[in-house]
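For reference, the chains in residue letters:
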Amino acid sequence: MSDAREPGTVTVWSDIGCPWASLALHTLRSTAREREQDILIDHRAFPLELFNSQPTPKFIVEPEIIVIAAHRPELGWRIWSGPESDYPSTTLPALEAVQAAKAPAVGGLRGSDELDAALRHAFYAENRCISIPSEILDAAAKCEHVDAETLAKAMERGAGRAEVYEQWRTAQGPEIQGSPHLFAAGGYAAHNPGVLAEWTGDPNQGGLPRLDGYDVSWAQGLLDLLAEGNGR
């Protein structure tokens with residue numbers, strides 16, 4: 001993991017289909033914009049469907065979306081309004097595309113992060129089926145630092161797939177606790193930062209998530225740490 005903790009860079013292990021990870025990334029990005037602080041995010045895949053040997057259940061994701069969207073309406077999230085047959089059954093192609101976008105010819109870390117943000121917005125706010133290449137590439141075309149044509153060719157060759165599986169194996173170790181888990185230089189590590197939440201019961205038996213609070217100060221603290229590491 002030491003290679004992922006360069007000054008000014010945050011390494012984020014997550015699944016695009018994880019609402020809590022999407023909340024953390026939105027908080028970090030928006031706080032950095034407010035501070036006019038430039039950061040880089042190095043995305044690592046925590047593919048829930050590989051861990052659980054099944055698609056991430058809609059009946060778990062949607063209640064989480066509801067409680068988060070009610071707490072942070074500026075996200076613009078909504079529950080799935082498209083045809084049920086179009087609901088994404090896998091996020092692996094999207095995770096692979098984010099990894100493929102790291103190639104300098106495609107976009108590097110900046111382009112990769114732009115694509116990650118665009119795919120999350122497409123799923124949570126626009127209800128797009130990010131399981132299929134056309135939707136992934138449509139999101140890529142909207143990213144300033146992503147060469148969508150080069151990404152398309154890379155995806156045809158299966159770029160990013162080996163990285164996702166390698167990261168899944170790494171994430172099975174004790175250091176990565178779940179989605180999201182953030183790391184930065186100086187020993188910073190935080191799993192699902194700022195969230196005070198719990199399920200009222202087993203979701204398979206009708207349990208629902210309860211968000212008791214969300215402390216955004218974690219993002220300020222992390223950005224302060226990054227600024228110090230950059231000598232600012």
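Up top is the structure.
Residues numbered from 1 in each chain as written. Predicted model: local features only at pLDDT ≥ 70, side-chain atom pairs only at ≥ 80, totals over all residues. Heavy atoms only, no water.

1. What about the overall build of the protein?
Move 1: Tallying secondary structure elements over the protein gives nine helices and six strands in all.
Move 2: Here the protein has a C-alpha radius of gyration of 17 Å; the compact-globule value for 232 residues is 17 Å, and the two agree.
Move 3: Expressed along its principal axes, the backbone C-alpha trace of the protein runs to roughly 50 × 40 × 35 Å.
Move 4: Here the protein, with 232 residues, has 52% of them falling under the buried criterion. (Helix = DSSP H or I, 4+ residues; strand = E, 2+ residues; numbered from the N terminus. Rg over C-alpha atoms; globule rule 2.2 N^0.38 Å. Buried < 20%, exposed > 50% of the residue type's maximum accessible area, 1.4 Å probe, protein only.)

2. Description of helix α8 (residues 161-171)
Move 1: Burial in α8 covers these residues: Val 164, Gln 167, Trp 168 and Ala 171. The buried residues of α8 occupy an angular sector of 105° when projected down its axis, which confines them to one face. Exposed residues on α8 whose side chains face more than 90 degrees from its buried face are Ala 162, Glu 166 and Arg 169.
Move 2: Lining the buried residues of α8 we find β1 (9-14), β2 (40-45), α2 (48-52) and α4 (92-100). (Arc of directions from axis to C-beta. Contact = heavy atoms within 4.5 Å.)

3. A short note on the nonpolar core
Move 1: Ranked by internal contacts, the top residues of the largest apolar core, which has 64 residues, are Trp 20, Leu 28, Leu 115, Leu 119, Leu 182, Trp 218 and Leu 222.
Move 2: The element best represented in this core is helix α1 (residues 19-35), accounting for seven residues.
Move 3: Dropping the residues within four chain positions of it, Trp 218 is found in contact with Ala 24, Thr 27, Leu 28, Leu 182, Tyr 188, Pro 193 and Gly 194. (Core = buried A, V, L, I, M, F, W, Y, C linked by side-chain atoms within 4.5 Å.)

4. Quick word on the pattern of salt bridges
Move 1: Scanning all chains against the criterion turns up 17 salt bridges.
Move 2: Taken together, the salt bridges that share partners define one network made up of Glu 126, Arg 128, Glu 135, Asp 138 and Lys 142. (Salt bridge = Lys/Arg side-chain N within 4 Å of Asp/Glu carboxyl O.)

5. Side note on unusual backbone geometry
Move 1: Note the cis peptide between Ser 179 and Pro 180, where omega equals 0°.
Move 2: Turning to its location among the elements, Pro 180 is positioned in the loop between α8 and β3 (181-184).
Move 3: Phi at Ser 53 is positive, roughly 55°, even though this residue is not glycine.
Move 4: Of note, Ser 53 is situated in the loop between α2 and α3 (58-71).

6. Quick word on the packing of aromatic side chains
Move 1: Counted according to the given criterion, the structure contains eight aromatic pairs.
Move 2: Seen in terms of ring centroids, Tyr 165 and Trp 168 are 6.0 Å apart; in terms of plane orientation they differ by 80°. Their pairing is edge-to-face. Linking Tyr 165 with Trp 168, this pair stays in helix α8, spanning three residues, or about one helical turn.
Move 3: Judged by its relative accessible area of 28%, Tyr 165 falls in the partly exposed class.
Move 4: Members of the aromatic cluster, connected to one another through ring pairs, are Trp 77, Trp 80, Tyr 87, Phe 123 and Tyr 124. (Phe/Tyr/Trp six-rings, centres within 6.5 Å; stacked < 30°, edge-to-face > 60°.)

7. Focus on the sheet that holds strand β4 (residues 188-191)
Move 1: Taken together, four strands build an open sheet; the order of strands is β2-β1-β3-β4 and the sheet is mixed. If you trace the sheet from one side to the other, it starts and ends with β2 and β4, each paired once. Between one strand axis and the next, the sheet turns through 20° on average, direction left out of account.
Move 2: Where β1 lies against β2, six bridges are found, and the strand directions are parallel. Looking at the pairing, Val 10 lines up with Ile 41 of β2.
Move 3: On the sheet, α4 packs against β1 and β2 and is oriented at approximately 140° with respect to β2. (Pairing = 2+ DSSP bridges. Axes fitted to C-alpha atoms, helices over the stretch in contact; angles between N-to-C directions.)

8. Describing the state of the cysteines
Linking two cysteines covalently via their sulfur atoms produces the bond known as a disulfide.
Move 1: The tally for this structure, following the rule as stated, stands at zero disulfides.
Move 2: Among the cysteines around Cys 18, which has no disulfide bond, Cys 129 carries the closest sulfur, lying 19 Å off.
Move 3: You can call Cys 18 buried: its relative accessible area is 6%.
Move 4: Assessed through its relative accessible area of 14%, Cys 129 is described here as buried. (Disulfide = S-S within 2.5 Å.)

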